[in-house]
Amino acid sequence: MEKSFTKRCTLMAKGVAILLLLIYHLFENQTILEEMQVEYAPFTKEHFLMFSGFGNICVAVFVFLTAYGIAVGLLEKKDITPMEAMREAALRFARLMGNFLILFVSVNVLWWRHFDYASLYGRGKQAFVYLLTDALGLSMFFDTPTLNMTWWYMEIAYLLIFLVPVLVWAVRRVGNYLLLLAFFAPFVIGMGEDIGRYFFVAAFGVCAAYGKWPDKLLNLKIPLFLQWIGGLLLFVLCIMIRQNYVIYETYVYLADAPIALFLVCFASALPGRVPVLNRALELLGRHSMNIYLVHTFFYMMLWRKQIYHFSYWLASLGICLLVCLLYSLVLEGLKWSVRMGYSRIRHKHS
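So, here is what we can say about the structure in this document. Only a predicted model underlies this, so the values are computations on that prediction, with no experimental measurement involved.

## Focus on the packing of aromatic side chains
Part 1 of the argument: Summed over all chains, the structure comprises 38 aromatic pairs.
Part 2 of the argument: On the basis of an interplanar angle of 65 degrees and a centroid distance of 5.2 Å, the ring pair of phenylalanine 204 and tryptophan 213 is categorised as edge-to-face.
Part 3 of the argument: On the accessibility criterion, phenylalanine 204 (11% relative accessible area) is buried.
Part 4 of the argument: Taken together, Phe100, Phe104, Trp111, Phe115, Tyr117, Tyr121, Trp151, Phe297, Phe298, Trp303 and Tyr327 form an aromatic cluster joined through their ring pairs.

In structure tokens:
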């Protein structure tokens with residue numbers, strides 16, 4: 001039976017990515033390990049820092065999955081017009097901005113006492129403009145103050161929504177030669193630092209959708225025990241290659257693309273086959289965006305001592321993951337309740 005890369009596979013890949021994100025931010029440098037007295041057994045310090053540093057591949061995984069997902073949807077609609085594609089992009093943009101705004105409001109309702117708004121946004125009318133820009137996830141576009149520097153990713157998330165349809169249009173005309181254009185584009189076109197860093201990954205995701213690369217990789221005829229052995233060895237090899245100083249400092253924008261593809265397929269092909277683990281990864285993937293946007297408040301501002309209380313790295317990871325997931329579950333539950341209430345009111349008055 002042919003396997004296909006489904007929505008469940010996407011969620012599991014996002015679950016793996018969010019775990020890597022938390023590992024990176026919680027243990028990204030030696031200063032944190034020493035300050036919070038982190039126990040990193042069974043790793044050596046050098047190997048643990050290499051592993052935690054590899055965690056920032058999570059952004060490339062999210063970019064790849066976003067580009068891949070949008071591209072798959074557009075490629076299935078062979079007769080879609082540019083106007084219809086832009087209309088879909090505008091709706092997707094509005095939904096993402098709306099969800100971010102809700103999270104922003106929730107953060108400020110709960111933790112307003114922890115924020116010095118006057119120092120951050122200033123006073124008077126300009127403060128309101130800065131706050132509104134931040135609330136809509138647009139602070140990186142205008143280089144204005146933000147409550148959370150982790151929210152820099154919103155710039156990429158918004159741009160991908162409108163960039164991917166253009167890349168899909170291009171891949172339909174030139175095929176995988178799009179990767180050559182994507183290789184040179186950041187050097188020719190004046191892109192921002194962040195989008196320039198991940199432009200090739202986005203193009204790689206579009207080509208993956210065009211060529212159905214994840215489907216083909218999932219259908220390789222390899223015995224399961226060899227998949228586990230080969231997958232784990234490749235995972236270690238990816239860490240060693242990407243975290244090499246020369247690769248990371250000079251070629252990481254290229255290396256991130258195939259590594260993201262590998263991690264996406266690895267997540268669904270191996271951990272995705274383990275009954276309980278696959279459900280856990282799906283759950284994390286479903287809440288990955290909220291966890292991404294809120295985790296910094298927990299581990300840096302609110303409960304830093306509590307998260308690192310037990311010292312052992314897996315315990316810290318588990319605590320941070322749990323509080324972020326609970327926050328997201330409550331937030332999504334409230335959003336669902338409001339939607340249901342609104343639907344009932346509309347139904348009564350219709």
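Next comes the rest of the account.
## Observations concerning the pattern of salt bridges
Part 1 of the argument: Within the structure shown, the criterion is met by eight salt bridges.
Part 2 of the argument: The shortest N-O distance in the salt bridge between arginine 279 and glutamate 282 comes to 3.7 Å. Of this pair, arginine 279 and glutamate 282 both sit in helix α15 (residues 275-286), three residues apart, which is roughly one turn of that helix.
Part 3 of the argument: Its relative accessible area of 56% is what places arginine 279 among the exposed residues.
Part 4 of the argument: Judged by relative accessible area, glutamate 282 falls into the buried class, the value being 6%.
Part 5 of the argument: The salt bridge partner of glutamate 282 is arginine 286, with a shortest N-O separation of 3.8 Å. One end of the pair, glutamate 282, and the other, arginine 286, are both in helix α15, four residues apart, so they sit about a helical turn from each other.
Part 6 of the argument: Judged by relative accessible area, arginine 286 falls into the exposed class, the value being 54%.

## Section: unusual backbone geometry
Part 1 of the argument: In this chain, alanine 41 is followed by proline 42 through a cis amide linkage whose omega measures 10 degrees.
Part 2 of the argument: Here proline 42 lies in the loop between α2 (30-35) and α3 (45-54).
Part 3 of the argument: Of note in this structure, lysine 212 is not a glycine but carries a positive phi near 55 degrees.
Part 4 of the argument: Relative to the helices and strands, lysine 212 resides in the loop between α11 (193-211) and α12 (213-218).

Quick notes on the rules
Residues numbered from 1 in each chain as written. Predicted model: local features only at pLDDT ≥ 70, side-chain atom pairs only at ≥ 80, totals over all residues. Heavy atoms only, no water. Phe/Tyr/Trp six-rings, centres within 6.5 Å; stacked < 30°, edge-to-face > 60°. Buried < 20%, exposed > 50% of the residue type's maximum accessible area, 1.4 Å probe, protein only. Salt bridge = Lys/Arg side-chain N within 4 Å of Asp/Glu carboxyl O. Helix = DSSP H or I, 4+ residues; strand = E, 2+ residues; numbered from the N terminus.

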